[in-house]
Amino acid sequence: MTIVAVNANAPISSGEIPTTDPRRATDVDYKQQQIIDFLEQNQLDALLLQSPENIAWFTSGADLTRSGSGESCAAVFITQDARLIACSNVDANQIFDRAIPGLGFQIKTRPWYEPLSQLIKDLCKGRKVASDTGVEQTQNVSAELKGFRVPFTELEGERIRALGKIVSHAVEATARRVERSQTEQEIAGCLSHRLLKHGVNPKRLQVMVDGQSIRYRHWGYGEDRLERYCVISAVGSQNGLHAAATRTVSLGKPPSSFIKSHHQALLMQATGIYFSKPDWALFDTWNRVKRIYEKYDCPDEWQHADQADIIGYLPAETSILLNSDFKFAPGMAAFWHPSVGPAMTGDTILIEQDQTILITPMEQWPTAKIKVKEQQMSLPDILILPE
């Protein structure tokens, strides 16, 4: 086991490098204190993190996966007086310089031709360690760690708001430029480009032309060509956080049946957003949405697809389930994405103590006015382009 320095004169701790983001450093310090308290309460010596979502949370946004892979190429090891990155010598410089600069991490490495698991085994030896995987007979606390990832810190709240604007802008800009006979793949490619050029990683893209989603609610994209209308949806990630938005575009006026389905889906979405309130259990909110499905003559539609998710360091930290007693809290984000027949709507909201904020706002996009109780909301209507 070795401690890597970038060069002969480089510091062995990223904390000795001047940080370019003091607020991020403060965020990491706050999270380390949370973990220290957790270790003390549970009489543990250390916590080992290997899941990308937990690493991104603790490091305040570092991505320790290799491009094209969903698995981390490193692990984070946290004790009461240190925070370490365990990785191969190949990844050390990039992690040290780019992922965690000035954040007080040490890096421990092994040569690339030796398994990372051996380094992890050495770190855990003789210690009472918890982890998010249960590796090396450590205590698996993955469920408890979800409670650390949500609600958000102040910095995370600001980041997800900024991310939401980028995602909705990319979806809308893509929709405004669709052309007849484009394939779903071509449209998805344009959407991916718009996200990537703003530093947002496309985590899930959906392009569903001419009723594709009636049969396949989780359809991604394929070779089908656009003729009349299209639903475009994206989940994007930046700094480890996720935000999502869905928009619908039509070449000429869409069929009246499709317009009706879209407006019904907006009613469900508006109801879900309105009742996403602090201290409300998910099943209480869901029951309100279900009643609207019944009231507007589509009582079985909710059974064909999931409706909403708590979104954060995972696209779905928690899904809205019929009997879930998980409660909304200030600082949580939710992605409501109900569907009715061929229509699907979707936006990300941030829940605060006294209001709910739509963080995937519309720009130069037609709106539909939906009233829930005494509150009127503006949600995305269908964009109609010239034929």
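Quick caveat, the model's predicted, so the values are computed rather than measured.

Focus on the pattern of salt bridges
(1) Moving on: Under the counting rule described, the total for this entry stands at 13 salt bridges.
(2) Moving on: A salt bridge links Arg 161 to Glu 352, with the shortest nitrogen-to-oxygen separation between them at 2.5 Å. Placement of the pair is Arg 161 in helix H6 (residues 154-176) and Glu 352 in the loop between strand E16 (347-351) and strand E17 (356-358), with a sequence separation of 191 residues.
(3) Moving on: Of the residues examined, Glu 352 reaches a relative accessible area of 22% and is grouped as partly exposed.
(4) Moving on: A single salt-bridge network, built from bridges that share partners, covers Asp 27, Lys 31 and Glu 156.

Considerations on helix H5 (residues 142-149)
(1) Moving on: Residues Leu 145, Phe 148 and Arg 149 constitute the buried set of H5. Axial view of H5: buried residues confined to an arc of 95°, hence all on one face. The outward face of H5, more than 90 degrees from its buried face, is lined by the exposed residues Ala 143 and Gly 147.
(2) Moving on: Check the buried side of H5 and you find it contacts helix H1 (22-41), strand E2 (46-49) and helix H2 (52-58).

What about unusual backbone geometry?
(1) Moving on: With an omega dihedral of 0°, the bond running from Val 150 to Pro 151 counts as a cis peptide bond.
(2) Moving on: Phi is positive for Asn 239, close to 55°, though the residue is something other than glycine.
(3) Moving on: Within the element layout of this structure, Asn 239 appears in the loop between strand E9 (229-238) and strand E10 (241-251).
(4) Moving on: Given a relative accessible area of 31%, Asn 239 falls into the partly exposed group.
(5) Moving on: Look at Gln 364: it is not a glycine, yet its phi comes out positive at around 50°.
(6) Moving on: Within the secondary structure, Gln 364 sits in the loop between E17 and strand E18 (367-372).

Looking at the side chain of Thr 285
(1) Moving on: Summarising the element assignment, Thr 285 is placed in helix H10 (residues 282-295).
(2) Moving on: With a relative accessible area of 0%, Thr 285 lands in the buried category.
(3) Moving on: Residues contacting Thr 285, with those up to four places away along its chain left out, are Gly 272, Phe 275, Ser 276, Trp 280, Phe 328 and Trp 336.

Things to note about the packing of H6 against helix H7 (residues 184-196)
(1) Moving on: Packing of H6 against H7 leaves a shortest axis separation of 9 Å and a crossing angle of 145°. Where H6 crosses over H7, the two elements pack in a sense that is right-handed. Where H6 abuts H7, its residues Ile 166, Val 167, Ala 170, Val 171, Ala 173 and Thr 174 lie against Ile 187, Cys 190, Leu 191, Arg 194 and Leu 195.
(2) Moving on: For the contact of H6 with H7, the residue count by class is nine nonpolar, one polar and one charged.

Let's talk about a nonpolar patch on the surface
(1) Moving on: Together, Val 90, Trp 112 and Tyr 113 make up a nonpolar patch on the protein surface, roughly 410 Å² of accessible area in all.
(2) Moving on: Residue placement: Tyr 113 occurs in the loop between strand E5 (106-110) and helix H4 (116-124).

A few points about helix H3 (residues 89-99)
(1) Moving on: By the burial criterion, the buried members of H3 are Asp 91, Ala 92, Ile 95, Phe 96 and Ala 99. Down the axis, H3 shows its buried residues gathered within 130° of arc, on one side only. Those residues of H3 that are exposed and aimed more than 90 degrees away from the buried face are Val 90, Gln 94 and Arg 98.
(2) Moving on: Those residues of H3 hidden inside the fold are in contact with H1, strand E3 (74-78), strand E4 (83-88) and E5.

Looking at the sheet that holds strand E11 (residues 308-311)
(1) Moving on: With antiparallel pairing, five strands are arranged side by side in an open sheet as E12-E11-E13-E16-E17. The sheet terminates laterally at strand E12 (318-319) and E17, the two strands that pair on one side only.
(2) Moving on: With four bridges joining them, E11 and strand E13 (residues 332-336) adopt antiparallel strand pairing. Each residue of the ladder has a partner; that of Ile 311, found in E13, is Ala 333.

Re the pairing of strand E19 (residues 375-380)
(1) Moving on: Note that E18 and E19 share six bridges and pair antiparallel. Following the sheet pairing, Ile 370 is matched in E19 by Met 377.
(2) Moving on: Between E18 and E19, which pair antiparallel in sequence order, lie two residues; one of them, Lys 373, sits at a positive phi of approximately 55°.

What counts and how
- Residues numbered from 1 in each chain as written.
- Predicted model: local features only at pLDDT ≥ 70, side-chain atom pairs only at ≥ 80, totals over all residues.
- Heavy atoms only, no water.
- Salt bridge = Lys/Arg side-chain N within 4 Å of Asp/Glu carboxyl O.
- Helix = DSSP H or I, 4+ residues; strand = E, 2+ residues; numbered from the N terminus.
- Buried < 20%, exposed > 50% of the residue type's maximum accessible area, 1.4 Å probe, protein only.
- Arc of directions from axis to C-beta.
- Contact = heavy atoms within 4.5 Å.
- Axes fitted to C-alpha atoms, helices over the stretch in contact; angles between N-to-C directions.
- Left-handed = near helix turned anticlockwise from the far one by under 90°.
- Nonpolar A, V, L, I, M, F, W, Y, C, P; charged D, E, K, R; others polar.
- Patch = residues over 30% accessible without salt bridge, like charges linked within 9 Å, V, L, I, M, F, W, Y side chains within 5 Å.
- Areas by Shrake-Rupley, 256 points an atom, 1.4 Å probe, with all protein chains shown as cover.
- Pairing = 2+ DSSP bridges.

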